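# A structural walkthrough
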Amino acid sequence: MHQLLGEYLGTALLILLGNGVVANVNLKHTYAHGSGWIVITFGWAMAVFVGVFVASKASGGHLNPAFTIALAAIGKFSWQLVPGYIAAQISGAMTGSLLVWLTFYQHYALPNESASIKATFCTEPAIRKYGWNLITEVIGAFVLVFAVFKMSDPAQSLGTLDALPVALVVLAIGLSLGGITGYAINPARDLGPRIMHSLLPIPGKGSSDWRYSWVPVIGPVIGGLLAGIVFQLTT
């Protein structure tokens, strides 16, 4: 339970701050409205830092089913713990998204474009081609998981700052690859908030786009598993 609580709280903070920066940029009448992609990518990187830092001691700070599954696949994590970790991650993501809604409640009440509202919850491709969108998510998640596996070497440890290089990897992915699909690279990060988007009473929110929802779930898992294979071949 201590581990699951760590994953739950870490993921909730990840989504509160990550989707919070998107809401800050996208929703009307915030001071940060329209401040752009650089603010979003830096905000998400700092969200990862906070989430991983908070959860690392209790649970290892996975916060991502793709990482949890890949870790189990290479024999460095118990398969018995995987379902509980994933449930904690998804429920934490739902909680974080609920907190974003509560924080920005007055701004959600104002007229906003449905695409801007949905972006504060879940991802959407810039060009909708499901096969290519899947490849993008696979590549992004591969970079994330492979880099984190390499950083897990004790010789590379920064002690209490181990969360920092993970955040920098997410920043690099967002700046370099993120503009194609919104770089979910984490099934819980997309699925939990997408569920909340479908449930919460937000004026003009539009569709939750369940037709696309499988891409940011399946893509990161494939990318993580491929990263695990390459990691084992290069270790």
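A brief report on the enclosed structure follows. (Residues numbered from 1 in each chain as written. Predicted model: local features only at pLDDT ≥ 70, side-chain atom pairs only at ≥ 80, totals over all residues. Heavy atoms only, no water.)

Bringing the pattern of salt bridges into the picture now. Under the criterion given, the structure shown has five salt bridges. Among the salt bridges present, the one from R128 reaches E124, with a minimum N-O distance of 3.5 Å. In this structure, R128 and D209 form a salt bridge, with 2.7 Å as the shortest nitrogen-oxygen distance. One end of the pair, R128, is in the loop between α6 (114-119) and α7 (130-151); the other, D209, is in the loop between α9 (187-199) and α10 (215-233), and 81 residues separate them in sequence. With a relative accessible area of 31%, R128 lands in the partly exposed category. Taking the relative accessible area as the measure of exposure, D209 reaches 5% and is therefore buried. In this structure, a network of salt bridges that share partners links the residues K118, E124, R128 and D209. (Salt bridge = Lys/Arg side-chain N within 4 Å of Asp/Glu carboxyl O. Helix = DSSP H or I, 4+ residues; strand = E, 2+ residues; numbered from the N terminus. Buried < 20%, exposed > 50% of the residue type's maximum accessible area, 1.4 Å probe, protein only.)

This paragraph deals with helix α4 (residues 82-103). Given 3.6 residues per turn, any residue in an α-helix points the same way as the ones three and four places further on. The end-to-end C-alpha distance of α4, which contains 22 residues, comes to 31 Å, matching closely the 32 Å that a straight helix rising 1.5 Å per residue would cover. Its buried side turned inward, α4 meets α1 (2-26), α2 (37-59), α3 (65-73), α5 (105-108) and α9. (Expected span 1.5 Å × (residues − 1). Contact = heavy atoms within 4.5 Å.)

Okay, the environment of A87 next. Residue position: A87 is located in helix α4. Sequence-wise, A87 and E7 are 80 residues apart; in three dimensions their C-alpha atoms are separated by 9.3 Å.

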